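A closer look at the structure
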Amino acid sequence: MEKILIAEDRYGLKSSHLEDDDIIDRLNNRVTVLGLIMCVFIIGGGVLVAEFKGQHDGYANSICWLKGSYYLPTDEITIPDRSKPRSYFVSYYQWTAFILLGMAMFFLLPRYLWQAFTRQSGFNIKKVIKNIKEQKEANKGVESAQKLLKTYLDALNESNGSICCGVSCPNFHVGYITAYLAIKVLYIINSITQFFLLNTFLAFNFTSFGPEGINKLLTEGDWFESPRFPRVTMCDFMVRRLGSNQHWYSVQCNLPINMFNEKIFLAIWLWLIILTILNFLSIFPWIVFLSKQQRSSMIHRYLQTNSKFMEETKDLLSLQSASTYRTTDSWYKTNQFIDYLQVDGFLIFYIIAINTDDVTASEIIGFLYGSFTPSPSRFTTSEV
């Protein structure tokens, strides 16, 4: 029990911290999805109520909900002839819940593609992180991660990086870094595409809705008379009677659901803008971070945190001249070790590190470094 409590203190609640991505990815596939699903429940209570008294009032509610209605400004006293095309036709409210659910599914898609790739590529990052955090004996999960990552790196180096989804691909390689950056790009495409697709689904210029909505909220506090999300609309329908009699009615409809829709889609407009910018910016730190210089700096930092590595290099770290240190066996071994990790191995290691803690990361990198044997052909000693 004590070890379980220690694990929870280090990593937090198990059910909430089993990620295999970064915080920007989770804004897409977790925060956005949960927000959209909450919006579905919010609008679930919205209804259309037609102001029609008589034997056809139930029919009026049903037909106007199904066929849609149109916005008519209150300053227009005369209802236009039904033969003329209706301006500001409103029909999206029947599909709002489906639109939001569809958006949520597309925000989940990149995550499932990433997890499917990791499952097929020889190293299931999510499973390893889950094992580290849920293992009853604290060290068992870390030891398992150490061995699995070493096995994967050995296989990757033996095949010269020609492993593709667990299959040998001599002329083609889709590594973790390629797949991960592709997922990042997919998040950008997803947020931009959904932004413009709403123009079609909502049947009005959604791209300009944000500035107008914000301006109205700041200046007027609300917008009751809005052709985009009207709360009072008109509906034309026909009732057949015996014989060839056809009676046309124009009724006034109340749309309480649009009280929620206008706020929800304004929030979506703002969030898609922010999310697209964050998605775009999140790619560049990864590109810089995965450069050899940055990888070398990060590996050295984690190695110096590891106690075993510190014991091995304690005499070298006390040297005053950096150039002297660069001529030592340990320095050459460390640089060959960075080449041994490769970009894919470092990406896997760093995702584990950012989703666990520095202690776990230093233990994993220390084990890999200790079990690594440098190549004699490139290994140079200080005696040369």
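For clarity, every value in this text was computed on a predicted model and none was experimentally measured.

1. Comments concerning the pattern of salt bridges
- Summed over the entire model, instances satisfying the criterion amount to seven salt bridges.
- Close ionic contact of aspartate 25 with lysine 184 constitutes a salt bridge, the shortest N to O distance being 3.2 Å. Of the two residues, aspartate 25 sits in helix H2 (residues 23-43) while lysine 184 sits in helix H7 (residues 176-202), which places them 159 residues apart along the sequence.
- With relative accessibility at 2%, the residue aspartate 25 sits in the buried group.
- Here lysine 150 and aspartate 154 are joined by a salt bridge, their closest N and O atoms 2.8 Å apart. Within this pair, lysine 150 and its partner aspartate 154 are both found in helix H6 (residues 138-158), separated by four residues, close to a single helical turn.
- Given the relative accessible area of 24%, aspartate 154 is considered partly exposed.
- Via salt bridges that share partners, Asp21, Arg26 and Arg111 belong to a single interconnected network.

2. Focus: the packing of helix H4 (residues 96-120) against helix H9 (residues 257-289)
- The interhelical angle for the contact between H4 and H9, taken along N-to-C directions, is 20 degrees, at an axis separation of 13 Å. Taken together, the axes of H4 and H9 are roughly parallel relative to one another. Handedness of the H4/H9 crossing: left-handed. Two secondary-structure elements touch here, H4 through Thr96, Leu100, Met103 and Phe107 and H9 through Asn261, Phe265, Ile268, Leu272 and Leu275.
- Of the residues in the contact of H4 with H9, the class split is seven nonpolar, two polar and no charged.

3. Focus on a nonpolar patch on the surface
- Together, Ile273, Ile277, Phe280, Leu281, Phe284 and Ile287 make up an exposed nonpolar region whose accessible area comes to about 560 Å².
- Mapping leucine 281 onto the fold places it in helix H9.
- A relative accessible area of 48% places leucine 281 in the partly exposed class.

4. Considerations on the pairing of strand E6 (residues 232-240)
- In terms of burial, E6 is largely enclosed, as seven of its nine residues are buried.
- Judged from the nine bridges that link them, E6 and strand E7 (residues 246-254) form a sheet pairing that is antiparallel. Of the residues in E7, the one forming a bridge with valine 239 is histidine 247.

5. A few points about the UniProt feature "transmembrane region" (unreviewed entry) in the protein chain
- On the UniProt side, "transmembrane region" (unreviewed entry) is annotated at positions that read residues 31-50, 92-114, 185-206 and 264-291 here.
- For residues 92-114, the end-to-end C-alpha separation is 33 Å, with 83% helix and 0% strand making up the annotated structure.
- Each end of residues 264-291 is marked by a C-alpha atom, and these two atoms are 41 Å apart; helix forms 93% of the span and strand 0%.

6. Quick look at the environment of glutamine 294
- Structurally, glutamine 294 is set in helix H10 (residues 292-305).
- Among the residues examined, glutamine 294 registers a relative accessible area of 33% and is labelled partly exposed.
- Not counting residues up to four positions away in its chain, the partners in contact with glutamine 294 are Val288 and Phe289.

The rules behind these values
- Residues numbered from 1 in each chain as written.
- Predicted model: local features only at pLDDT ≥ 70, side-chain atom pairs only at ≥ 80, totals over all residues.
- Heavy atoms only, no water.
- Salt bridge = Lys/Arg side-chain N within 4 Å of Asp/Glu carboxyl O.
- Helix = DSSP H or I, 4+ residues; strand = E, 2+ residues; numbered from the N terminus.
- Buried < 20%, exposed > 50% of the residue type's maximum accessible area, 1.4 Å probe, protein only.
- Axes fitted to C-alpha atoms, helices over the stretch in contact; angles between N-to-C directions.
- Parallel < 35°, antiparallel > 145°, perpendicular 65-115°, else oblique.
- Left-handed = near helix turned anticlockwise from the far one by under 90°.
- Contact = heavy atoms within 4.5 Å.
- Nonpolar A, V, L, I, M, F, W, Y, C, P; charged D, E, K, R; others polar.
- Patch = residues over 30% accessible without salt bridge, like charges linked within 9 Å, V, L, I, M, F, W, Y side chains within 5 Å.
- Areas by Shrake-Rupley, 256 points an atom, 1.4 Å probe, with all protein chains shown as cover.
- Pairing = 2+ DSSP bridges.
- UniProt positions renumbered as here; feature names shortened; annotations may be inferred.

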